[in-house]
Amino acid sequence: MDSGWIINYKDGTAVILSGSKYKEYEKTVDKNTVACEEHWFDIKEVIRKHPWIEVNQ
């Protein structure tokens, strides 16, 4: 089971990232643009519960 992250930006947009994409994101993101980050233990579950959010695996 792969984990996933929802990244909620201050401008109201959001994206779902896989664990490996989150590692890339951590290295490059401007944290001033991020409202919050949500960790999910199962990426399939987060996609199922939030089908309107773009997924980046």
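Structure shown above.
Residues numbered from 1 in each chain as written. Predicted model: local features only at pLDDT ≥ 70, side-chain atom pairs only at ≥ 80, totals over all residues. Heavy atoms only, no water.

K.L.:
Can you walk me through the environment of Thr13 in this structure?
P.N.:
Relative to the elements of secondary structure, Thr13 occurs in the loop between strand S1 (4-9) and strand S2 (14-18). By relative accessible area, Thr13 is classed as partly exposed at 40%. Sequence spacing of Thr13 and Arg48 is 35 residues, and the spatial spacing of their C-alpha atoms is 18 Å. Filtering out sequence-adjacent residues up to four positions away, Thr13 remains in contact with Ile7 and Asn8. In this structure the side chain of Thr13 is engaged in a polar contact, spanning 2.6 Å, whose partner is the side chain of Asp11. (Helix = DSSP H or I, 4+ residues; strand = E, 2+ residues; numbered from the N terminus. Buried < 20%, exposed > 50% of the residue type's maximum accessible area, 1.4 Å probe, protein only. Contact = heavy atoms within 4.5 Å. Polar contact = N/O pair within 3.5 Å; in protein donor to acceptor, adjacent residues only side chain to side chain.)

K.L.:
I keep staring at the packing of aromatic side chains and nothing clicks. Help me out?
P.N.:
The relative placement of two aromatic rings is captured by the distance of their centres and the angle of their planes. Taken as a whole, this structure holds two aromatic pairs when the rule is applied. Arranged with centres 3.9 Å apart and planes meeting at 5°, the rings of Trp5 and Tyr22 form a pair that is stacked. Taken together, the positions of Trp5 in strand S1 and Tyr22 in helix H1 (residues 19-28) put the pair 17 residues apart, joining distant regions of the chain. As far as burial versus exposure is concerned, Trp5 and Tyr22 are alike and both buried. Seen in terms of ring centroids, Tyr22 and Tyr25 are 5.3 Å apart; in terms of plane orientation they differ by 40°. Their pairing is tilted. Placement of the pair is Tyr22 and Tyr25 together in helix H1, with a separation of three residues, close to one helical turn. The pair Tyr22 / Tyr25 is uniform in exposure class, with both members buried. Site record: aromatic cluster; members linked through ring pairs are Trp5, Tyr22 and Tyr25. (Phe/Tyr/Trp six-rings, centres within 6.5 Å; stacked < 30°, edge-to-face > 60°.)

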